[in-house]
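What follows is each chain in one-letter form.
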Amino acid sequence: ELQLRTEARAAAPAASARPKRDAAALRAALDADPNADVDYAAREKTNDALVSIGLGEGADKFFGLDSAYIQLGHSLLVLVILLAAFGSDPNFPLTNLPPEYRGFLKQGLATTYAINTLVAGAAFFEARDRGQPVALWVIKSWFIGGVAFNQLVTSTRKPGGRR
């Protein structure tokens, strides 16, 4: 029965596709199926799109490697560097570094995220032009930099079909 209702819902035009003045037809459709005015395909596409963006699916290879692997590697590396630069435990070799090394790591993080701030600014305009979720791309580009920007540019299209 669920399959028949799903097929009937797919065959019937969505409520948003009907003329707005066709209230009687909408009431009849809602009497037959309370969810007739819900566009499930659009919701599923939105959720899938956010997950796809997060995973970096559909992007071109980055120096011959899938960008999802580079994205994962960069994320883990940043967490390890943050731990080594700011964590302090004399019994753990990764956090038991001389102050000079900690300073170098902090300077490297500051430089990297200063550059990533510029990349995130470029991602803002690029995502806006492509009709993508701007905040998500800005945060992702600030966190992993050029890898995320490459994913934005190569996995999405501008309105009109151009890359």
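Computed from a predicted model, the values in this text were never measured in an experiment.

Peer 1: Which parts of the structure should I look at to understand the confidence of the model for the protein chain?
Peer 2: Per-residue confidence for the protein chain gives a mean pLDDT of 80, with 74% of residues at or over 70. Confidence scores differ between elements of the protein chain, with helix α3 (residues 40-55) showing the lowest mean pLDDT of 61 and helix α5 (residues 99-130) the highest of 95.

Peer 1: Help me out: how do you make sense of the layout of surface pockets in this one?
Peer 2: The rolling of a water-molecule-sized probe over the atoms marks out the regions of remaining empty space. Considered as a void within the structure, the second largest pocket measures approximately 160 Å³ in volume. If you go around the second largest pocket, you meet 13 residues; those closest to its centre are His74, Val78, Ile81, Thr112 and Tyr113. Going through the elements one at a time, α4 (67-86), α5 and α6 (134-144) are the ones with two or more residues in the lining of the second largest pocket. Per-element tally for the lining of the second largest pocket: the top contributor is α5, with 6 residues. Of the residues contributing to the lining of the second largest pocket, the split by class is 8 nonpolar, 5 polar and no charged.

Peer 1: How should I be thinking about α5 in this particular structure?
Peer 2: Every α-helical turn comprises 3.6 residues, leaving residues that sit three or four positions apart pointing alike. Taking 1.5 Å as the rise per residue, α5 with 32 residues should run 46 Å; its terminal C-alpha atoms sit 45 Å apart, in good agreement. Summarising the contacts, the buried residues of α5 are in contact with α4, α6 and α7 (146-155). A positive phi of about 70 degrees marks Gly131, the residue just after α5.

Each value, and the rule that gives it
- Residues numbered from 1 in each chain as written.
- Predicted model: local features only at pLDDT ≥ 70, side-chain atom pairs only at ≥ 80, totals over all residues.
- Heavy atoms only, no water.
- pLDDT = per-residue confidence, 0-100.
- Helix = DSSP H or I, 4+ residues; strand = E, 2+ residues; numbered from the N terminus.
- 1 Å grid on protein atoms, 1.4 Å probe; cavity = no way out; pocket = protein on both sides within 12 Å on 5 of 7 lines; lining within 4 Å.
- Points joined across faces, edges and corners; volume = space filled by probe spheres on them.
- Nonpolar A, V, L, I, M, F, W, Y, C, P; charged D, E, K, R; others polar.
- Expected span 1.5 Å × (residues − 1).
- Contact = heavy atoms within 4.5 Å.

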